[in-house]
Amino acid sequence: MSIKQTDQTYVASTYARADLVLVKGKGSLAWDENGKEYIDLGTGIGVNAFGYCDDEWIKAVSEQAGLLQHASNLYYTSPCARLAQVLCERTGMKKVFFANSGAEANECAIKVARKWGAQTKGENCYKIITIKNSFHGRTLATLSATGQDKFHELFNPLVDGFLHVSANDCEQLEKLVKENDVCAVMLETVQGEGGVNVLDVEFVQKISTLAKQENFLVMIDEVQTGNGRCGALYSYMDFGIMPDVVTTAKGLGGGLPIGACLMGEKVQSVLTAGTHGSTFGGNPVACAGALSIIERLTDDFLAQVKKKSELVFNKLSGAKGIESVSGKGLMIGIKTKRNVMEVLSECREKGVICLTAKDKIRLLPPLNIPFELLEKALSTIVEVCAK
Ligand SMILES: *Cc1c(COP(=O)(O)O)cnc(C)c1O
């Protein structure tokens, strides 16, 4: 059997995989089983922040794997402690809980919001408002938080306590907040899976203002937008707000599974011994990899991400067959005249890997992609879209 046949026989059919078997990668390039080379603008859905098999990341991860690969949370380990310190110092958050994925980081945030609500505003204060068209994960609670009906079908009953507000609708938000016992609003500043939609700054700031007036938490899901992806270390930093909870995952580990829930001053003492946990959370190898990523996301590096973003917008905006370009930093959505699946597979034939988000082409290139490779890949996209 071919790899494809074996996979289709034995792996749960939850993914509509592309007809592509990847065998190796280096930097922004990947190769398939036939030796064909691709420029990868998808980075495993924003996970390989510094591309494939980045040398510094390999060194950090392999040194730690040879020293202590796992210890459990019964004990202290250096990578976990240091990563938490760096994350707090760079964001102003006070505590970090480590998980293994985005959904788990969001589960933690939801538990924090509920416990904080119960302790400070009473047991009935458990409602969390999320945004329509959002995506927060696949566990039952994060699925319930996700503001898209199509993900909910046949999984009822959902977890209780989630309300969904239309993006950028300040009036509806205010009404929901006034009429319900709300403990938190959770949002992505740029909706990723929802189609790379950037929320209005006024709306995000309105949430923050209301949170102060009505005493609820602002929780930003930076699973996709975080770790330099949108040009700031965390995207909320460009929206002029200070959240109470920040969750992240995807690019954080540079390729290894890790999630983090960062907690600010208001909620720093909510999680106490025994109230939450994870066997793998804070794994030393994953944390060592994450440290090697975060430490390189300096202001100078992020300025380069913003320059690359300008290049993308300049090259794509107004090109033939491209209706609009959305996003921030190197998180890009492209509305094409042609069918996205056609564009996707033609780009792949021409050696460029892209992603989709709803009816858009989505790009999440390596943050350190060389300008020349980025330009080359963009030329291919422009050419395919113009057909
Ligand atoms: C991918 C994603 C998640 C889910 O992360 P997993 O690691 O797949 O559990 C949650 N929120 C956002 C915004 C995401 O993009």
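Higher on the page you've got the structure.
Residues numbered from 1 in each chain as written. Predicted model: local features only at pLDDT ≥ 70, side-chain atom pairs only at ≥ 80, totals over all residues. Heavy atoms only, no water.

## Brief notes about the overall build of the protein chain
Thinking step 1. Broken down by element type, the protein chain carries 13 helices and 17 strands.
Thinking step 2. The C-alpha atoms of the protein chain give a radius of gyration of 21 Å, which matches the 21 Å a tight globule of 387 residues would have.
Thinking step 3. Across its three principal directions, the C-alpha atoms of the protein chain cover 60 × 50 × 45 Å.
Thinking step 4. Expressed as a percentage of its 387 residues, the buried residues of the protein chain come to 54%. (Helix = DSSP H or I, 4+ residues; strand = E, 2+ residues; numbered from the N terminus. Rg over C-alpha atoms; globule rule 2.2 N^0.38 Å. Buried < 20%, exposed > 50% of the residue type's maximum accessible area, 1.4 Å probe, protein only.)

## Let's talk about the packing of helix α3 (residues 55-65) against helix α10 (residues 284-294)
If you want to describe how two helices pack, look at the angle between their axes and the distance between the axes.
Thinking step 1. Relative to each other, α3 and α10 sit at 155 degrees, their axes nearing to 8 Å. The pairing of α3 with α10 is recorded here as roughly antiparallel in orientation. Two packed elements cross with a definite hand, and for α3 against α10 that hand is right-handed. Only Pro284, Val285, Ala288, Gly289, Ser292 and Ile293 of α10 make contact with α3, whose side of the interface consists of Glu56, Trp57, Ala60, Val61, Gln64 and Ala65. (Axes fitted to C-alpha atoms, helices over the stretch in contact; angles between N-to-C directions. Parallel < 35°, antiparallel > 145°, perpendicular 65-115°, else oblique. Left-handed = near helix turned anticlockwise from the far one by under 90°. Contact = heavy atoms within 4.5 Å.)

## Focus on the sheet that holds strand β11 (residues 245-248)
Thinking step 1. Reading across the sheet, the 7 strands line up as β4-β12-β11-β10-β7-β5-β6 and stay open at both edges, with mixed pairing between neighbours. The outermost strands of the open sheet, each flanked by one partner alone, are β4 (95-99) and β6 (162-165). Averaged over all pairs of adjacent strands, the angle between strand axes in this sheet comes to 20 degrees, irrespective of strand direction.
Thinking step 2. In this structure, β4 lies alongside strand β12 (residues 259-263), joined through 5 bridges in antiparallel fashion. Residue pairing in the sheet places phenylalanine 98 in a bridge with alanine 260 of β12.
Thinking step 3. The sheet contacts of helix α8 (residues 170-179) involve β5 (127-131), β6 and β7 (182-187), and relative to β6 the element is tilted by about 160 degrees. (Pairing = 2+ DSSP bridges.)

## Quick look at empty space enclosed by the protein
Thinking step 1. Tallied over the entire structure, the rule returns 1 cavity of 30 Å³ or more.
Thinking step 2. Computed from the structure, the largest cavity encloses a volume of approximately 40 Å³.
Thinking step 3. If you go around the largest cavity, the residues you meet are Gly46, Ala49, Val223, Gln224, Gly226, Asn227, Arg229, Lys250, Gly251 and Leu367.
Thinking step 4. Residue composition of the lining of the largest cavity, grouped by class: 3 nonpolar, 5 polar and 2 charged. (1 Å grid on protein atoms, 1.4 Å probe; cavity = no way out; pocket = protein on both sides within 12 Å on 5 of 7 lines; lining within 4 Å. Points joined across faces, edges and corners; volume = space filled by probe spheres on them. Nonpolar A, V, L, I, M, F, W, Y, C, P; charged D, E, K, R; others polar.)

## Things to note about the packing of aromatic side chains
Any aromatic ring pair is given by two values, namely how distant the centres are and how the planes are angled relative to each other.
Thinking step 1. Across all of its chains, the model carries 2 aromatic pairs by this definition.
Thinking step 2. Ring centres 5.1 Å apart and planes at 25 degrees place the aromatic pair phenylalanine 50 and phenylalanine 301 in the stacked group. With phenylalanine 50 in the loop between α2 (43-46) and α3 and phenylalanine 301 in helix α11 (residues 299-316), this residue pair connects regions lying 251 residues apart in the sequence. As far as burial versus exposure is concerned, phenylalanine 50 and phenylalanine 301 are alike and both buried.
Thinking step 3. The ring centre of phenylalanine 50 lies 4.2 Å from the NZ or CZ of arginine 296, which sits over that ring.
Thinking step 4. Here lysine 308 stacks its cationic end above the ring of phenylalanine 371, 5.5 Å away from the centre of that ring. (Phe/Tyr/Trp six-rings, centres within 6.5 Å; stacked < 30°, edge-to-face > 60°. Lys NZ or Arg CZ within 6 Å of the ring centre and 35° of its normal.)

## Some words on the nonpolar core
Thinking step 1. Of all hydrophobic cores here, the largest spans 83 residues; its most connected members are Leu87, Leu363 and Ile381.
Thinking step 2. Beyond its immediate stretch of four places on either side in the chain, leucine 87 contacts Val96, Phe98, Tyr234, Leu252, Ala260, Leu262 and Ile294.
Thinking step 3. One finds Cys108, Ala113, Phe162 and Val267 within the second-largest nonpolar core, a separate group that totals 23 residues. (Core = buried A, V, L, I, M, F, W, Y, C linked by side-chain atoms within 4.5 Å.)

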